[in-house]
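An overview of the molecular structure
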Amino acid sequence: MTKHSSSPSGNRAVFSTRFAAVATTVGSAVGLGNIWRFPYEAGVHGGGAFLICYLAFVMLIGVPVLCAEFCMGRATRSNIVGAYSRLKAGKPGLFAGLLGVVSSLLILSFYSVVAGWTVEYSLASLTGALDFSAADPMGHDRFAVLTGGWRSTLWTLLFLGCNFAIMLGGVTKGIERMSNVLMPVLFLLLILFCVNSFTLSGWRQGVAFIFSPDFSKVNPSMLLGAMGQAFFSLSLGLGGMMTYASYFSKTTRLARTAVTTAVLDSAVAILAGVIIFPAVFTFNLSPEAGPTLVFEVLPYVFSQLPAGRMWATLFFILLFLASLTSTVSMSEIAIAYFSEERRMSRRKATLTCALIAGAGALLCALSFGPAAGFKVCGMTMFNLFDYVASNISLPLGGFICSVFVGWKLRSPFLNRYLQPVTPLTRAYTGYLGFCMRWVCPTAIFLIFLNSIGIL
Ligand code: PFF
């Protein structure tokens, strides 16, 4: 780790190498969003058509907003609220900044619950409590038994504890080392499980489900879901990538890092789809099971592998670690805000965030137990936090960011921070600017109108 001395906000840490910057950014993007959330959203919204819309949103909205966030982070070397204020974004900027901080804590709350399930599943696989040899290795009842009671609440809080312990250790060291090793290993493991999928009897159906689009499935709620998934999966719209870019060294190439992140992130989501859906069809499960889908299906996948218990244990541990590399980036948004804007010591800022996220996580964890009946707008706290953050706050944050960078800061800003040097990269920057000015705001606006029934 080195220090950067010319930042407006004093000495700020920077990632030590270009590879570390990319690995850490990919580490933030790749997590439960790809492996848990993408398959269940795709399952609920009809598979192939969802995948196509999701990929279109990644290209047309995700990469441009990612570049906008990167440029703002590099230009200001600041947290999201500080970045908007240094660039003189006025009240809308302050709103977007605070929305980002609140959304990061909301996401942290429900994300930790799912990460807590990975602890339960790792232990259950390790101790043999998950019986992979049984005819029904794990149906819905088993999922409820494993995750419903106080134990899973305990794992949720334990996960949050690990997360904030890492945060207390500083920004780059722990995250950087973990991402450098973890991302390649996780990728290899997923490829292995993917190959296994092709030995299952339902592989044709599964692959057809995820790759042959049925466009009659396209509807407002699906479009909103696919857009929300693109934002969630790329960690966009709440300043996570902006904050990370503020720790990049000057040599990190922003546009290239954005494309690498989007490609790897989408590849992991597709791999997850290829792992889950063949198993869904082989074992006659429903692709529409919702948030519990992956945790119900994966034990079936492992039951088909030689030494399934070992693979299961390894996989759930890796998933736990991949969740950590994502939650550290979420936590950094709020911690950087409290420490830089509210002038708290880093320690106090970390403890404040831990308390808020801990309270939110408790509410979400109890949604799968004693508070399952407590609903707002027909949703449990867990579903509500996920819906509001992913489908509303993140796209709204992305809307403000792209309008601000595209219309107020405009091309000179992009050219300066994306550093186009060849005609090709200049053309690419032109494409990004066009998307920021026209495509992102229009698409996000229309989808919002559409989903509240105005259009
Ligand atoms: N992109 C992460 C995932 O797919 O699991 C989730 C996430 C991380 C969202 C960081 C937002 C964030 F700031």
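Here we summarise the structure given alongside this text. (Residues numbered from 1 in each chain as written. Predicted model: local features only at pLDDT ≥ 70, side-chain atom pairs only at ≥ 80, totals over all residues. Heavy atoms only, no water.)

What to know about the overall build of the protein chain
Spelled out, the test is: Where helices and strands are cited, they refer to DSSP runs of H or I of at least four residues and of E of at least two residues respectively, numbered from the N terminus. The globule rule is 2.2 Å times the number of residues to the power 0.38, and the radius of gyration it is compared with is taken over C-alpha atoms. Each residue gets one of three labels from its accessible area relative to the maximum for its type: buried under 20%, exposed over 50%, partly exposed in between, using a 1.4 Å probe on protein chains only.
What the protein chain contains, in helices and strands, is 17 helices and four strands. Against the compact-globule benchmark of 23 Å for 455 residues, the protein chain has a radius of gyration of 21 Å, which places it among compact chains. Dimensions of the protein chain along its principal axes, counting C-alpha atoms only, are 60 × 50 × 40 Å. Evaluated residue by residue, the protein chain yields a buried proportion of 60% over its 455 residues.

Here we look at the pattern of salt bridges
As a reminder, the rule being used: Take a side-chain nitrogen of Lys or Arg and a carboxyl oxygen of Asp or Glu: if they are within 4 Å of each other, that pair is a salt bridge.
Scanning the model with the defined rule gives five salt bridges in all. Where Arg-37 meets Glu-41, a salt bridge forms, and the shortest distance between an N and an O atom there is 3.8 Å. Pair noted here: Arg-37 and Glu-41 are both in helix α2 (residues 32–44), with a separation of four residues, about one helical turn. We note a salt bridge from Lys-217 to Asp-214, for which the minimum N-O separation is 3.5 Å.

Brief notes about the environment of Glu-176
Convention followed: For this analysis, residues touch if any pair of their heavy atoms sits within 4.5 Å.
With respect to the element layout, Glu-176 can be found in helix α8 (residues 172–197). For Glu-176, a relative accessible area of 9% gives the class buried. Along the sequence, Glu-176 and Ile-35 sit 141 residues apart, while their C-alpha atoms lie 21 Å from each other. Apart from the residues lying within four places of it in its own chain, the contact partners of Glu-176 are Phe-15, Ser-16, Ala-20 and Thr-24.

Thoughts on the packing of aromatic side chains
Cut-off, in case you're wondering: Between the rings of Phe, Tyr and Trp (Trp by its six-membered ring), a pair exists once the centres lie within 6.5 Å; its type follows the angle of the planes, with under 30 degrees stacked, over 60 edge-to-face, and the other angles tilted. Throughout this description, the term charge over a ring refers to an Arg CZ or Lys NZ atom that lies within 6 Å of the ring centre and within 35 degrees of the ring normal.
This model, assessed by the stated rule, comprises 31 aromatic pairs. Where Phe-110 meets Phe-382, the ring centres are 5.8 Å apart and the plane angle is 75°; that geometry is what we call edge-to-face. Linking Phe-110 in helix α5 (residues 90–127) with Phe-382 in helix α16 (residues 381–418), this pair joins segments that are 272 residues apart in sequence. Accessibility assignment for this pair places Phe-110 and Phe-382 in one class, buried. Cation over ring: Arg-37 sits above Phe-232, and NZ or CZ is 5.0 Å from the ring centre.

Quick word on the site of the ligand
Inclusion rule: Near is defined per residue: the residue qualifies when any heavy atom it owns lies within 4 Å of the molecule or strand. Polar contact is defined as a pair of N or O atoms within 3.5 Å, subject to the rule that within protein one atom must be able to donate a hydrogen and the other to accept it, and that residues adjacent in sequence are counted only when both atoms are side-chain atoms. Reported accessibility uses the Shrake-Rupley method at a 1.4 Å probe radius. Residues are deemed covered only where the shown protein chains occlude them. All residues other than Ala, Val, Leu, Ile, Met, Phe, Trp, Tyr, Cys, Pro, Asp, Glu, Lys and Arg, Gly among them, are scored as polar; the first ten of these are nonpolar and the last four charged.
Around the ligand there are 15 residues in total, and Ala-29, Gly-33, Tyr-111, Phe-232 and Ser-233 lie nearest to it. Residue Asn-34 places a side-chain N or O atom 3.3 Å away from an oxygen atom belonging to the ligand. Measuring from a nitrogen atom of the ligand, one finds a side-chain N or O atom of Ser-235 at 3.0 Å. Here the ligand, which alone exposes 340 Å², has 100% of that area covered by the protein. Elements with a minimum of two residues in the shell around the ligand: α1 (18–29), α2, α10 (220–233) and α14 (308–340). Counting residues per element, the shell around the ligand draws most heavily on α14, which supplies four residues. The residue makeup of the shell around the ligand, split by class, is seven nonpolar, eight polar and no charged.

Quick look at the nonpolar core
The condition that has to hold: Residues enter a nonpolar core if they are buried and are Ala, Val, Leu, Ile, Met, Phe, Trp, Tyr or Cys, with the set joined through side-chain atoms within 4.5 Å.
Ranked by internal contacts, the top residues of the largest apolar core, which has 153 residues, are Met-72, Tyr-84, Phe-315 and Val-405. Non-local contacts of Val-405, meaning those with residues more than four positions away in its chain, are made with Ala-68, Met-72, Arg-410, Phe-413, Leu-414 and Met-436.

Here's the deal with the environment of Gly-128
Examined against the element boundaries, Gly-128 turns out to sit in the loop between α5 and α6 (140–147). The exposure class of Gly-128 is partly exposed, given its relative accessible area of 30%. C-alpha separation for the pair Gly-128 and Thr-313, spaced 185 residues apart in sequence, amounts to 9.8 Å.

Details of the packing of helix α7 (residues 150–168) against helix α15 (residues 346–366)
Applied cut-off: Inter-axis angles, ranging from 0 to 180 degrees, are taken between N-to-C directions of lines fitted to C-alpha atoms, where helices are fitted over the stretch in contact. Working definition: roughly parallel below 35 degrees, roughly antiparallel above 145 degrees, roughly perpendicular at 65 to 115 degrees, and oblique for all remaining angles. In this scheme the handedness of a crossing depends on how the near helix is turned from the far one: anticlockwise by less than a right angle means left-handed, clockwise means right-handed.
Remark: α7 packs on α15, axes separated minimally by 10 Å, with the N-to-C direction vectors making an angle of 160°. Considered as vectors, α7 and α15 are oriented roughly antiparallel to each other. The two elements α7 and α15 meet at a crossing, and its hand is right-handed. Two secondary-structure elements touch here, α7 through Trp-150, Thr-153, Thr-156, Leu-157, Leu-160, Phe-164, Met-167 and Leu-168 and α15 through Arg-346, Arg-347, Thr-350, Cys-353, Ala-354, Ala-357, Gly-358, Ala-361, Leu-362, Ala-365 and Leu-366. Across the contact of α7 with α15, the residue classes tally to 13 nonpolar, four polar and two charged.

A closer look at unusual backbone geometry
Phi angles above zero are rare outside glycine, and Ala-307 is one such case at about 60°. With respect to the helices, strands and loops of the structure, Ala-307 is situated in the loop between α13 (293–303) and α14. In the Ramachandran plot, Arg-343 falls in the positive-phi region, its phi being about 55° despite a non-glycine side chain. Looking at the element boundaries, Arg-343 is found in the loop between α14 and α15. For Arg-343, a relative accessible area of 72% corresponds to the exposed category.

Remember, this is a structural readout, not a statement about activity or role.
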